[in-house]
Amino acid sequence: MTARNILAWSPSAIVFDCDGTLMDTERHWQEARNVTFGLFGLRPPSGFADRAKGVHYTECGALMAEETGKPDLAEDLAATLLTTFTALVDKDPVTMPGAAALVRLAARHLPLAVASNCPRETVETCLERAGLLVSFSHVVVAGEGVRPKPEPDLYSVAVRLCGVPPEEALAVEDSLTGMESARRAGLRVIGLGPCPPGPEAEQADLWVESLADRELVGWARSRIGE
């Protein structure tokens, strides 16, 4: 689907990622990874931040252990990573530009859900402190048979709870891992951030630099409602 087509379309539900999409938490994950590496006396491998973006924290811990040659530390790294991240977010919860306005506008007209690889407590605490939790009908997280992104489970469950077919729902994502999850579930996708070169550009139907993008805001007002 082209950008022109998606901007001429009206979704029946919207499912948002949380980290890096609604909440400016990717910087917290980066700091938490660096702190965790340091606490275990390890050095972050080159390019690790890019490989870890959007990855479930347990898988990130395993990746940290694998890439530093310390496979026995996977569980300890994951646990320390989550504890460190949670403390950082609690001190400094910040929404991404345009996120609050878009969510509040859409919530007046459509069912909204969050699909996140983070633990439920972390997601709900972030959204509550940002004043956004009340806007969402459902918060879907990995666990209890729901596989994390890039598997399609989170988005499949979210659209089912919203009561709409996948092809009528829109996903809003900032990571390629999340975009893959949404596409595999059958949703249309808005990618947040610079459009990457090559085949990865096809993971999203429309790329925007921020949720405050003028064209996106105009689309939301005309296709979702004021």
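Everything here concerns the structure above.
Trainee: Whenever I open this one, the overall build of the chain confuses me. Can you help?
Mentor: A tally of helices and strands in the chain yields 10 helices and 6 strands. Taken over C-alpha atoms, the radius of gyration comes to 17 Å for the chain, in line with the 17 Å a tight globule of 226 residues would show. Judged by the C-alpha coordinates and their principal axes, the chain covers about 55 × 40 × 35 Å. The proportion of buried residues among the 226 residues of the chain is 50%. Long-range contacts, defined as pairs at least 24 residues apart, comprise 65% of the intrachain contacts of the chain with a sequence gap of at least 6. Measuring between centres, the 21 positive side-chain charges of the chain sit 5 Å from its 32 negative side-chain charges.

Trainee: So what exactly am I meant to see when it comes to the packing of aromatic side chains here?
Mentor: Working definition: an aromatic ring pair is given by the centre-to-centre distance plus the angle between the planes. This structure, assessed with the given rule, holds 3 aromatic pairs. Plain terms: the ring middles of W29 and F85 are 3.6 Å apart, the flat faces sit at 5 degrees to each other, and that makes the pair stacked. With a gap of 56 residues between them, W29 in helix α2 (residues 26-39) and F85 in helix α5 (residues 74-91) connect regions that are remote in the sequence. For the pair W29 and F85, a shared accessibility class is recorded, and that class is buried. When the ring of F37 is compared with that of F48, the centres are 5.3 Å apart and the planes differ by 80 degrees; the resulting orientation is edge-to-face. With F37 in helix α2 and F48 in helix α3 (residues 48-52), this residue pair connects regions lying 11 residues apart in the sequence. F48 gets classed as buried once you look at its relative accessible area, which sits at 3%.

Trainee: Is there a simple way to explain the sheet that holds strand β1 (residues 13-16) in this structure?
Mentor: Paired through backbone hydrogen bonds, the strands of a sheet run either parallel or antiparallel to each other. If you trace the 6 strands from one edge of the open sheet to the other, you get β3-β2-β1-β4-β5-β6, paired in parallel fashion. Among the strands making up the open sheet, the edge pair consists of β3 (138-141) and β6 (206-208). Direction aside, neighbouring strands of the sheet carry axes that sit 20 degrees apart on average. Bridge count for strand β5 (residues 188-192) against β6 is 3 bridges, and the pairing is parallel.

Trainee: Would you take a moment to explain the nonpolar core for this structure?
Mentor: One finds I14, F16, L22, L127 and F136 to be the most contacted residues of the largest nonpolar core, which totals 57 residues. With 8 residues, α5 is the single largest residue contributor to this core. Setting aside residues up to four positions removed in sequence, L22 forms contacts with F16, D17, V94, T95, M96, A99, V103, V114, L127 and F136. Residues L154, Y155, V164 and L187 belong to the second largest nonpolar core, which totals 23 residues.

Trainee: What is the right way to look at the side chain of D174 in this model?
Mentor: Mapped onto the secondary structure, D174 falls in the loop between β4 (169-173) and α9 (176-185). What D174 contacts, discounting residues up to four positions off in sequence, is D17, D19, G20, T21, K53, M179 and L192.

Trainee: Is there a simple way to explain the state of the cysteines in this structure?
Mentor: Working definition of a disulfide: a covalent bond connecting the sulfur atoms of two cysteines. According to the stated counting rule, one finds 0 disulfides in the structure shown. Unpaired in terms of disulfides, C18 finds its nearest cysteine sulfur in C126, a separation of 5.4 Å. For C18, a relative accessible area of 1% gives the class buried.

Trainee: Sorry, what's going on with the pairing of β5 here?
Mentor: It is a general feature of regular strands that their side chains alternate between the two faces of the sheet. Burial of β5 is extensive: 4 of the 5 residues sit out of reach of the surface. Examined bridge by bridge, β4 and β5 share 4 bridges and lie parallel to one another. Counted as the bridge partner of V172 is I190 from β5. Running through α9, the crossover from β4 to the neighbouring parallel element β5 is right-handed.

Parameters at a glance
Residues numbered from 1 in each chain as written. Predicted model: local features only at pLDDT ≥ 70, side-chain atom pairs only at ≥ 80, totals over all residues. Heavy atoms only, no water. Helix = DSSP H or I, 4+ residues; strand = E, 2+ residues; numbered from the N terminus. Rg over C-alpha atoms; globule rule 2.2 N^0.38 Å. Buried < 20%, exposed > 50% of the residue type's maximum accessible area, 1.4 Å probe, protein only. Contact = heavy atoms within 4.5 Å. Lys, Arg positive; Asp, Glu negative; His and termini not counted. Charge placed at Lys NZ, Arg CZ, Asp CG, Glu CD. Phe/Tyr/Trp six-rings, centres within 6.5 Å; stacked < 30°, edge-to-face > 60°. Pairing = 2+ DSSP bridges. Axes fitted to C-alpha atoms, helices over the stretch in contact; angles between N-to-C directions. Core = buried A, V, L, I, M, F, W, Y, C linked by side-chain atoms within 4.5 Å. Disulfide = S-S within 2.5 Å. Right-handed = clockwise from strand over helix to strand, strands pointing away.

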